[in-house]
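Chain by chain, the residues:
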Amino acid sequence: MLKNYFQTAWRNIIKHKATSFINIFGLSVGMTAAVLIFLWAQNERNFDSQPDQKQIYRLTTRVPSIGWVWESTPLLLAEAIRTELPDVQKTARLNTNNLPVVSLKGNLFYGKDYAYVDDDWFSMFNYRFIAGSTTAFNANPFSIILTKSEARRFFADANPVGQSLHIDSVDYQVRGIVPDASPNSSFQYKAFLPISALLTNPKIRANDENWDNANYITFVKLAPGVNMERATRKINDVIKLKGKASDNVPVSMISLSDMHFETEIQNSVFNHGNKNTVLIISLIGGLLLLIACINYVNLSTAKAGLRAKEVSIRKITGASRSDLFTQFIGESFLTSLVAAVITLILVRFFLPLFNELTGKDFDFRYSLPILLQVSGVTLISSFILNSIYPALLLSSFSPINVFRGVTILKVKDNTFRKGLVIIQFIVSVILIAATLVIYKQMQFIQQKDLGYSKSQVVSFALPFTINRDRKNALLKTMKQELLAQSAVQSVTTSNQPLVNMGSACSGCADWAGRDTSLRPTIAQLSVDEDFQKTMDLKMQSGRWFNRNTSDKHNVVLNETALKTLSIREPAIGQQFVFKGDTGQIIGIAKDFTFKSMHDKIGPLVIFNNADWRSYFAVRISGNHTREALAAVETVWKKNLPEVPLEYSFLDEQFSELYTEDTRTSHLTLIFACIAIVISSLGVFSLVAFEVEHRTKEIGIRKILGAPIKGIVSMLSADFVKLVFISILVASPIAWWVMNKWIQNFVYRIPINWWMFAIAGVIAMLITLITISFQAIKAAMANPVKSLRTE
Amino acid sequence: MIALKNIFKWYNVGGNRNFILKDINLDIQQGEFISIMGPSGSGKSTLLNIIGMLDEASEGTYIFQDQEVFRLKEKQRSQLYKDYIGFVFQAYHLIDELTVYENIETPLIYKDMKSSERKAIVADILDRFGIVGKKDLFPNQLSGGQQQLVGIARALASKPKLILADEPTGNLNSKQGEEIMELFKQLNKEDGITIIQVTHSEKNAAYGSRIINLLDGRIDTNTTL
């Protein structure tokens, strides 16, 4: 029986090649999108999973007086906890603030994804060693453990264990090799060095052993059954005992399982996910799968007329309804299975692109078990969606009606099919509208007047390991040397790059007439006298700093500061105390965007103290980019031969602020394309069947003198109506969703009705093109031919 | 074998009853070869469909092999015709996606027969009808006569006691038609299969043992040859 069914199914697929192709291809595309999305979502939801995940916590430092929340804690806390609290089985610390300088074949570079960890790191997080072990790593400070791919980078295929690497002008011995971090790990590091190595630097040691400095991320593993709140209280007791009792800096704990979706940390070193994003993207994945399945259902029921004869014959020769139901269920399963196989091939093919889009690193072979799981779930859900309705419909035919020529498909089935088409187009229109809104917002970000000029500026920083006197000397000499280069237009130094300024203080300023209850958080920017010129900042009133030292204690404010701090008028000349330095307000700069457009521009104090500065910004003259970069490199090598140079362009830094948004924009565009392609495929074949069904009618109409235009519009009218309804339903939904999304930006475009109108027009145009292809062909056909075949 | 008592069949058309069959009373014995004749619209096919249990009468009693058909449940009824009845159609009604062999095999599949058994039966029939060489062809690769031959072969595969044929030669030329009618006659004589055919042709009707003439839904004449 199975063989008979299989053969009928297979020969049906072959016989209707075009529609079968559309059917299976559309299904595969939808399934591929769904599988990739579910793979990602599954990864996000299972971050840092390990058997004892629930027992592991990360400590969080809170400074409630100024609203700071850090994931870092003092160095000595872990040891204190371990000795004082038997409830804590294990502690592990992490430091990624210090970037080691690695030398490879004479080139220096920063070990960017290198982490300093302590003895129990590897046992806490269940690292599996490919070679070597932690024993020697823990015993000797100048040790390093590499991931497999990082080891290959240094040593190719040679055995790395026992070899040495030149780091920070010391030789580190390779003690072990661990696998590359899995995509669901928060710890995406390529190499590990012992914290004890970091502490061999007396300056760092002195700094970090101070209980006031929180530079280490501490993980604790509680004994099974230990209450987290009690443990937190005890840890706070330990801090009070060790730290300065005057500072009320409580510590809290977050479970390793919750860490990935944590939102309150300022400047986290980990990549965090967003639960809502995961939910929305999973929902889109489900919808894409749904519209692909709708195609299948619509095509199978549209084709039902063709299968009616077979169904009737089978019934007359003795098939029961359940026999036929089984047959069509089986057929759906076969189609879904073929689509699933194609899906796996497509996934394999598109995985690199997907990795690029998501910034993840899924490996096909490594992810295969999860992929198969996810594909299995997708296959089953698509199978259920695909099979039941068509099978019920097809098995319901009564043979006597079929042979009598009674129309098999009732109006009800047509309405059902139309409803499904509407769902497809609702999803498509929402995604197109979303793409448009996001695109407009991204364009707005690119084109908004920032108040400074970001193009042709390259910036780099002096390492913070060098002492203040040498740094201040370098600021002067390197600036002079850079200015001597013809490719350099101007040079300025500051305490941070302009694009995204994080440095701020609270309660550090005073001025005449200050409301004493007011302790606003003020952004702080230390600059030299050339900053305004180099960055092209505009002044509202007053002047910028002069070259002479008389401005050393003076400040420039931005317009927002003038307003929010309620400075007395006239502002220029007012006394202003900043960080204990008493000076004057000498100028008001026009507001410029010094943060991402997600955040509001706040009050800013620009001051002139050179001790703070370590960043260079170099404006390149004309398009001498290459010469300018060469000049920067020469000057750097001459003054700091022992440190690698890392530079970046201001506009790159600017783009990085919107990495997530760019990703969203790309993903939405892709989702919209997939949705519209699948929906169009569906419409394409539905029209094809419509044409087949109405060949005779079209022929008669033509003989009666209907023009081609009339027939095309007759065939299109129905679908145009459906798309129109979809647009009406989709627009308010899209408006609601996008309005929510755009609230993420403080500086944003207004959402206009015409964005939805354009989305509607796009969907309508695509549909019309799809339909006209078939409709014109049918309308042009010779009516004599079509009537004869009847 | 078959007893029809006071069979009426009507459709409601706009409040009026449109009668297709009016008070049909008919007894058919095992081994008969009956031809139903009559002008278009006289109810021939409807009568055949009722006998074949594809359609139900609006009123009346139908007894088949001592069972009252209209009182049976759907399942029992389909079991009944699965076991006893084979159909042959004017338009052959073969499954286009299946080969000759597979078409003939289909009814056996629904009888839950074992594969080896099915093979033997199909091979036997193919041999008897002389179409062994055509077993792997698809219906559209055959002539009309050959297709009807396959249609009859399929009807015979489940060893029915009764064959219902609705204008079996309607789409065939006269030579092919004659061959099919000869085959029916032979099946009736040698295998003792009861045959009821609907036909327009006097000549074909003459192959049977009894001719029933329908006119406007009533039995007009009932002639034993």
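What counts and how
- Residues numbered from 1 in each chain as written.
- Chains lettered and ligands numbered in written order.
- Predicted model: local features only at pLDDT ≥ 70, side-chain atom pairs only at ≥ 80, totals over all residues.
- UniProt positions renumbered as here; feature names shortened; annotations may be inferred.
- Axes fitted to C-alpha atoms, helices over the stretch in contact; angles between N-to-C directions.
- Helix = DSSP H or I, 4+ residues; strand = E, 2+ residues; numbered from the N terminus.
- Parallel < 35°, antiparallel > 145°, perpendicular 65-115°, else oblique.
- Left-handed = near helix turned anticlockwise from the far one by under 90°.
- Contact = placed C-beta atoms within 7 Å.
- Nonpolar A, V, L, I, M, F, W, Y, C, P; charged D, E, K, R; others polar.
- pLDDT = per-residue confidence, 0-100.
- Core = buried A, V, L, I, M, F, W, Y, C linked by C-beta atoms within 7 Å.
- Buried ≥ 20, exposed ≤ 12 C-beta atoms within 10 Å, placed from the backbone.
- Domains from an automatic or database assignment.

Under an unreviewed UniProt entry, the name given to chain B is ATP-binding cassette domain-containing protein, and the organism recorded is Hufsiella arboris. What UniProt states about chain B under its Sequence similarities (unreviewed entry) heading is, verbatim, "Belongs to the ABC transporter superfamily. Macrolide exporter (TC 3.A.1.122) family."

As annotated in an unreviewed UniProt entry, chain A is FtsX-like permease family protein from Hufsiella arboris. On record in UniProt, under Subcellular location (unreviewed entry), the comment for chain A is "Cell membrane".

Looking now at the packing of helix α2 (residues 17-45) of chain A against helix α14 (residues 364-395) of chain A. Residue and element names in this part refer to chain A. Across the interface, α2 lies against α14 with an axial gap of 9 Å and an inter-helix angle of 130 degrees. The orientation of α2 with respect to α14, classified from their angle, is oblique. Classified by chirality, the crossing of α14 by α2 is right-handed. In this structure, α2 uses L27, M31, A34, V35, F38, L39 and Q42 to contact α14, whose residues at the interface are S367, I370, L371, V374, S375, T378 and S382. For the contact of α2 with α14, the per-class residue count stands at nine nonpolar, five polar and no charged.

Here we take up the confidence of the model for chain B. All names here are of chain B. When pLDDT is averaged across chain B, the result is 89; 100% of the residues are at 70 or more. Put simply, helix α2 (residues 74-84) is where chain B has its lowest mean pLDDT, 82, and strand β3 (residues 33-37) is where it has its highest, 94. Interface predicted TM-score (ipTM) for the complex: 0.82; the corresponding pTM is 0.83.

Bringing the nonpolar core into the picture now. Residues and elements named next belong to chain A. Formed by 153 residues in total, the largest nonpolar core has its most connected members in L288, V429, A433, A675 and V687. A per-element tally of this core places helix α16 (residues 411-447) first, with 15 residues. When residues of this core are assigned to domains, at least three fall in each of domain 1 (1-47 + 273-409) and domain 3 (425-449 + 657-790). Those residues in contact with V429 that sit more than four places away from it in its chain are S726, I727, A730, A734, A759, G760 and A763.

Under the UniProt annotation, the feature "domain: ABC transporter" (unreviewed entry) is placed at residues 2-225 of chain B. The annotated region residues 2-225 of chain B carries 35% helix and 29% strand content, and the separation between its end C-alpha atoms amounts to 19 Å.

Moving on, we come to unusual backbone geometry. The bulk of non-glycine residues show a negative phi, and the bulk of peptide bonds are trans. Note the cis peptide between E569 of chain A and P570 of chain A, where omega equals -10 degrees. Along the chain, P570 of chain A turns up in the loop between α19 (559-564) and β22 (575-578). Residues other than glycine seldom take positive phi values, yet M53 of chain B does so here, at roughly 65 degrees.

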